[in-house]
Amino acid sequence: MSQHQNDQKTMSFDHLLTSTRRRELLQNLGVGNGSDSFSLSPFRTAKCNVETATSQRCRFLVKNQFYTNNFFFKIKIIPAIQRANPDILRPIFDRFASKEVKGKKLMTPEDFIRGYLGLYTEENYNKETIRLLASAADTTKDGDISFEEFCAFEALLCSPDALYLTAFELFDRNASDTISCDEFEAVIRHTQPLVDQDFDFNSDFIKRYFGADKQRNVNYHSFCQLLHDFYEEQGIQAFKKYDKNGNGTISSVDFQQIMTTVKGHLLTDFVRNNLIAVSGGGASGHKVTFPYYAAFNSLLAKMELIKRVYVSNARGNLDIEMTKEEFLHAIQSYTQVTPYEVEILFHLSELNHPGRKTLCLKDIQAIDPERLKRVSQMDRLINIKAVHHKDERGFGTALLESGYRFLLGSIAGACGATAVYPIDLVKTRMQNQRTSGSFVGEVMYKNSLDCFKKVVKFEGLLGLYRGLLPQIVGVAPEKAIKLTMNDFMRDKFTQDGKIPLYGEIIAGGTGGMCQVVFTNPLEIVKIRLQTAGEVQQAGKKIGVMSVLKELGFLGLYKGSRACFLRDIPFSAIYFPAYAHAKLATADEDGMNSPGSLFCSAFIAGVPAAGLVTPADVIKTRLQVAARAGQTTYNGVIDCARKLLKEEGPMSLWKGTAARVCRSSPQFAVTLLTYEVLQRLFYVDFAGSRPTGSELATTKTIQDESSTNPDHVGGYKLAAATFSGIEHKFGLFLPRFETTK
């Protein structure tokens, strides 16, 4: 058996992440080899956008690549933040290192914590706290930090379990890669919770981890579990201390005392200020039972699961409010959450908005100490918060929001119109093709494909875009008005984040009605220009001005009733269908990807465009200039009657395929562009956002990264890591020296 196999056999899993093993790994990669200069493998650096990775639920990825080279192997690591180059770290280290031994510069604990990281800068700082924090980087535990240790700690900060690894280094006071009971007690007794509430280190809990004689040491993984369970045990001991009669109850005041001292790291300001109220009232004699105490703490520990249940049920609508019954139904598959915990959750949420027994995202944000953020699937080019709270919204804010939507809707409309304009031209010519009048039996186009070919043949490729300019001028504000009014009306019908179906239909219909007043004149000009190439008139060039002169003001609204007949039903069908298609195509978190948005908009356009084709045919016949000998129409009803009489019922469905092929992709491009633009150019007016555009997720440590130019690589996360140790594990270290 080879030496390598022997090593594998004797190496236990618990020791894979010890500090010794990490130092060996760093040496294999060229770090900490005792020399003053070294280089890191390029495989150790990678870029990762934190917000995008979080919204897609990305996790840290570690890939092992073993090479047959006898001299080394490489581990390809893709961390959450790019590693720093040692050549950049060296001048930074030299600038802050104040100690020199045998020609080698070293950092003291004060240099590292107060000077470089900028923590505990007050004059009366606690020296033991500084020493403890600096020991996380001091792997040799000699009291100073060398450049090699400085680089090694930077690598540690880039690892996915940096919080636990850093905490382990704080407790490992003799660099033994294990922690004794004395080491654990010494560090724990220095934290604030132990100052406020004593702990019995001779309890069965401690003996289960360190043995009956407390001589057994714990390794890294055992330490992680010990740290996780310790404050639960301290809370139980505190409850027993205040339960003087042994009947399983304590007063509300005692409950508040335990929570603010032992469990303070789990409390937000809102929960802290409402501990008495949520536990039964303001009477100091009110009793809190142990089941209530256990359920309350269990709820705070399960807030990540509570968020998951809410987000899954919201399906991308982060403004939705859930009732207790809806939430209980949603957690049926989660046996970890008990009805007692749900009762406490909704009691807390009601305290956040008295009179409403519902749960919304803002309630979760008020209860959960892990800060939430709203993220999109793509990087935001602009991220502006126009209003900090919904109560600050006024008429001016609403007006600015409508203007913002109108601008993005105009751009989206222009993109959609340009993308499908050739199809629109073919559709218009097919609908205007007649089989009656002086040219009986004449058929210019056999089908849509034949029409397309003949336009290209006789008018060139540019003929497919005849009338595009007025189309863009018309469609851009048309789609902007439609989208803006639909969003505006949906906001009015939305209550508690929910909108009824009739509200969706009315909102869509209103958007379609409002667009006609503005777009009918542009629509008739577009149609006249699109059909101008069918009949060549010698010496007469048909343009925008000639069409306007011929029609006059009233002529610009010719066929407007048919436009109302087409656009109101179209929008009333389209927008509700689009909203429900988005829900159906969203992922498990309710997020809609660009592909999902395109498919939803395309699918919704099929029934909307197809069902209103008769109204579109009538509108086209009324707006197109009839040639000599062709039938003329005097209104919507007259046009419908003559079409049925002269050309049969199928004439009302002429161009249905072309209309569907034009409207569906046009609205797919338009709505995709509209929603993507809102994600890229994000402005928060404290109003509603498109469903499926944002995901509520917990802020990561990367969101708190330092902006100090000297904090490079993993050191961007150093201050946030030390803060996370306090707020995640409850290891609150005293900031100041105690005065005697």
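Predicted, not measured: the structure shown is a model, and the values here were computed from it.

1. Thoughts on the overall build of the chain
Part 1 of the reasoning: The helix and strand inventory of the chain stands at 31 helices and 12 strands.
Part 2 of the reasoning: The proportion of buried residues among the 740 residues of the chain is 52%.
Part 3 of the reasoning: Counting only contacts in the chain whose residues sit at least 6 apart along the sequence, the fraction spanning at least 24 positions is 73%.
Part 4 of the reasoning: By element, 58% of the accessible surface of the chain is carried by carbon and sulfur atoms, the whole surface being about 34,400 Å².

2. Topic: the confidence of the model for the chain
Part 1 of the reasoning: Counting all residues, the mean pLDDT for the chain is 79, and 81% of those residues have values of 70 or more.
Part 2 of the reasoning: Counting contacts from residues 1-17, a segment whose pLDDT is below 50, to residues more than four positions away or on other chains yields 13 contacts.

3. Overview of the UniProt feature "domain: EF-hand" (unreviewed entry) in the chain
Part 1 of the reasoning: Under the feature "domain: EF-hand" (unreviewed entry), the UniProt entry names residues 159-194 and 230-265.
Part 2 of the reasoning: Taken as a whole, residues 159-194 contains 58% helix and 0% strand, while its terminal C-alpha atoms sit 30 Å from one another.
Part 3 of the reasoning: Overall, residues 230-265 shows 64% helix and 8% strand. The separation of its end C-alpha atoms is 13 Å.

4. Here's the deal with helix α4 (residues 86-96)
Part 1 of the reasoning: Within α4 the residues assigned to the buried category are Pro-86, Leu-89, Ile-92 and Phe-93. Buried positions in α4, seen along its axis, are confined to an arc of 120° and lie on one side of it.
Part 2 of the reasoning: If you follow the buried residues of α4, they end up packed against β4 (104-106), α5 (109-116) and α7 (147-157).
Part 3 of the reasoning: Two or three places before Asp-87, at the start of α4, stands the capping residue Asn-85, its side-chain oxygen 2.8 Å from that residue's backbone nitrogen.

5. So, the packing of aromatic side chains
Part 1 of the reasoning: Tallied over the full model, the rule gives 43 aromatic pairs.
Part 2 of the reasoning: Here Phe-150 and Tyr-715 contribute two aromatic rings whose centre-to-centre distance is 4.6 Å and whose plane-to-plane angle is 20°, an arrangement assigned as stacked. Note that Phe-150 is positioned in helix α7 and Tyr-715 in the loop between β12 (695-698) and α31 (718-729), a separation of 565 residues in sequence. Exposure class is identical for Phe-150 and Tyr-715. Each is buried.
Part 3 of the reasoning: Through pairs of rings, three or more aromatic residues link up here, namely Phe-168, Phe-171, Phe-184, Phe-199, Phe-201, Phe-205, Tyr-209, Phe-210, Tyr-220, Phe-223, Phe-230 and Tyr-231.
Part 4 of the reasoning: The ring centre of Phe-147 lies 3.9 Å from the NZ or CZ of Arg-90, which sits over that ring.
Part 5 of the reasoning: One residue, Arg-735, lies across the ring of Tyr-120, its end atom 4.5 Å from the ring centre.

6. Considerations on helix α27 (residues 594-611)
Part 1 of the reasoning: Here α27 is 18 residues long and its end C-alpha atoms lie 27 Å apart, about the 26 Å a rise of 1.5 Å per residue gives.
Part 2 of the reasoning: Residue Gly-605 marks the point of greatest curvature in α27, where the axis turns by about 25°; the proline Pro-607 follows within four residues.

7. Some remarks on the side chain of Glu-149
Part 1 of the reasoning: By secondary structure assignment, the location of Glu-149 is in helix α7.
Part 2 of the reasoning: On the accessibility criterion, Glu-149 (7% relative accessible area) is buried.
Part 3 of the reasoning: Looking at Glu-149, its side chain comes within polar contact range of the side chain of Thr-139, at 3.3 Å.

8. What about the pattern of salt bridges?
Part 1 of the reasoning: The final tally for this structure, using the stated rule, is 29 salt bridges.
Part 2 of the reasoning: As a salt-bridge pair, Arg-83 and Glu-154 come within 2.7 Å of each other at their nearest N and O atoms. Highlighted residues: Arg-83 in the loop between β2 (74-78) and α4 and Glu-154 in helix α7, separated in sequence by 71 residues.
Part 3 of the reasoning: The class for Glu-154 is buried, based on a relative accessible area of 0%.
Part 4 of the reasoning: With a shortest N-O distance of 3.5 Å, Asp-94 and Arg-90 are connected by a salt bridge. Separated by 4 residues within a single helix, Asp-94 and Arg-90 lie in helix α4, roughly one turn from each other.
Part 5 of the reasoning: Of the residues examined, Asp-94 reaches a relative accessible area of 24% and is grouped as partly exposed.
Part 6 of the reasoning: If you follow the salt bridges from partner to partner, you end up with Glu-128, Arg-131 and Arg-173 in one network.

9. Some thoughts on the nonpolar core
Part 1 of the reasoning: Among the nonpolar cores identified, the biggest contains 60 residues, and Phe-112, Ile-113, Phe-150, Phe-171, Phe-184 and Tyr-715 are the most heavily contacted of them.
Part 2 of the reasoning: Broken down by element, this core gets its largest block of residues, 7 residues, from helix α12 (residues 220-242).
Part 3 of the reasoning: In terms of nonpolar packing, the next biggest core, distinct from the first, is built from 43 residues, Val-288, Val-311, Val-337 and Ala-366 among them.

10. Quick notes on the packing of α12 against helix α13 (residues 252-261)
Part 1 of the reasoning: Running from amino to carboxyl end, α12 crosses α13 at an angle of 155°, the nearest separation of the two axes being 10 Å. One finds that α12 runs roughly antiparallel with respect to α13. Seen from above, α12 lies across α13 with right-handed handedness. The residues of α13 that touch α12, namely those facing Gly-235, Ala-238, Phe-239 and Tyr-242, are Asp-254, Gln-257 and Ile-258.
Part 2 of the reasoning: Along the lines of polarity and charge, the residues of the contact of α12 with α13 split into 4 nonpolar, 2 polar and 1 charged.

11. Re the packing of α27 against helix α30 (residues 656-680)
Part 1 of the reasoning: Direction vectors running N to C along α27 and α30 enclose 145°, while the axes themselves pass 7 Å from each other. Of the two possible hands of crossing, α27 and α30 adopt the one that is right-handed.

12. As for the side chain of Glu-154
Part 1 of the reasoning: There is a polar contact of 3.1 Å between the side chain of Glu-154 and the backbone nitrogen of Ala-84.
Part 2 of the reasoning: What Glu-154 contacts, discounting residues up to four positions off in sequence, is Arg-83, Ala-84, Leu-89, Val-712, Gly-713, Gly-714 and Tyr-715.

13. Remarks on the environment of Ala-134
Part 1 of the reasoning: If you trace the backbone, Ala-134 turns up in helix α6 (residues 127-134).
Part 2 of the reasoning: Residue classification places Ala-134 among the buried positions, given a relative accessible area of 3%.
Part 3 of the reasoning: Spatially, the C-alpha atom of Ala-134 lies 6.7 Å from that of Phe-112, the residues being 22 residues apart in sequence.
Part 4 of the reasoning: Not counting residues within four places of it along the chain, the set of residues in contact with Ala-134 comprises Pro-109, Phe-112, Ile-113 and Ile-145.

14. Details of unusual backbone geometry
Peptide bonds are mostly trans, and most non-glycine residues show a negative phi.
Part 1 of the reasoning: A positive phi angle is found at Asp-177, which is not glycine, with a value near 65°.
Part 2 of the reasoning: Position of Asp-177 among the secondary structure elements: in the loop between α8 (162-171) and α9 (181-188).
Part 3 of the reasoning: For Asp-177, a relative accessible area of 7% corresponds to the buried category.
Part 4 of the reasoning: Residues other than glycine seldom take positive phi values, yet Lys-214 does so here, at roughly 60°.

15. With respect to the environment of Leu-170
Part 1 of the reasoning: Turning to its location among the elements, Leu-170 is positioned in helix α8.
Part 2 of the reasoning: Distance in space between the C-alpha atoms of Leu-170 and Leu-132 is 5.9 Å, their sequence separation being 38 residues.
Part 3 of the reasoning: In this structure, Leu-170 is in contact with Leu-132, Leu-133, Ser-135, Ala-136, Val-187 and Ile-725, ignoring residues within four places of it in sequence.

16. Things to note about a nonpolar patch on the surface
Part 1 of the reasoning: A grouping of Val-517, Phe-553, Leu-554 and Tyr-557 is seen on the molecular surface, where their side chains present a nonpolar patch of about 460 Å² in accessible area.
Part 2 of the reasoning: Inspection of the secondary structure puts Leu-554 in helix α25 (residues 544-555).

Conventions adopted
Residues numbered from 1 in each chain as written. Predicted model: local features only at pLDDT ≥ 70, side-chain atom pairs only at ≥ 80, totals over all residues. Heavy atoms only, no water. Helix = DSSP H or I, 4+ residues; strand = E, 2+ residues; numbered from the N terminus. Buried < 20%, exposed > 50% of the residue type's maximum accessible area, 1.4 Å probe, protein only. Contact = heavy atoms within 4.5 Å. Areas by Shrake-Rupley, 256 points an atom, 1.4 Å probe, with all protein chains shown as cover. pLDDT = per-residue confidence, 0-100. UniProt positions renumbered as here; feature names shortened; annotations may be inferred. Arc of directions from axis to C-beta. Polar contact = N/O pair within 3.5 Å; in protein donor to acceptor, adjacent residues only side chain to side chain. Phe/Tyr/Trp six-rings, centres within 6.5 Å; stacked < 30°, edge-to-face > 60°. Lys NZ or Arg CZ within 6 Å of the ring centre and 35° of its normal. Expected span 1.5 Å × (residues − 1). Bend = angle between axes of the 7 residues up to and from the residue. Salt bridge = Lys/Arg side-chain N within 4 Å of Asp/Glu carboxyl O. Core = buried A, V, L, I, M, F, W, Y, C linked by side-chain atoms within 4.5 Å. Axes fitted to C-alpha atoms, helices over the stretch in contact; angles between N-to-C directions. Parallel < 35°, antiparallel > 145°, perpendicular 65-115°, else oblique. Left-handed = near helix turned anticlockwise from the far one by under 90°. Nonpolar A, V, L, I, M, F, W, Y, C, P; charged D, E, K, R; others polar. Patch = residues over 30% accessible without salt bridge, like charges linked within 9 Å, V, L, I, M, F, W, Y side chains within 5 Å.

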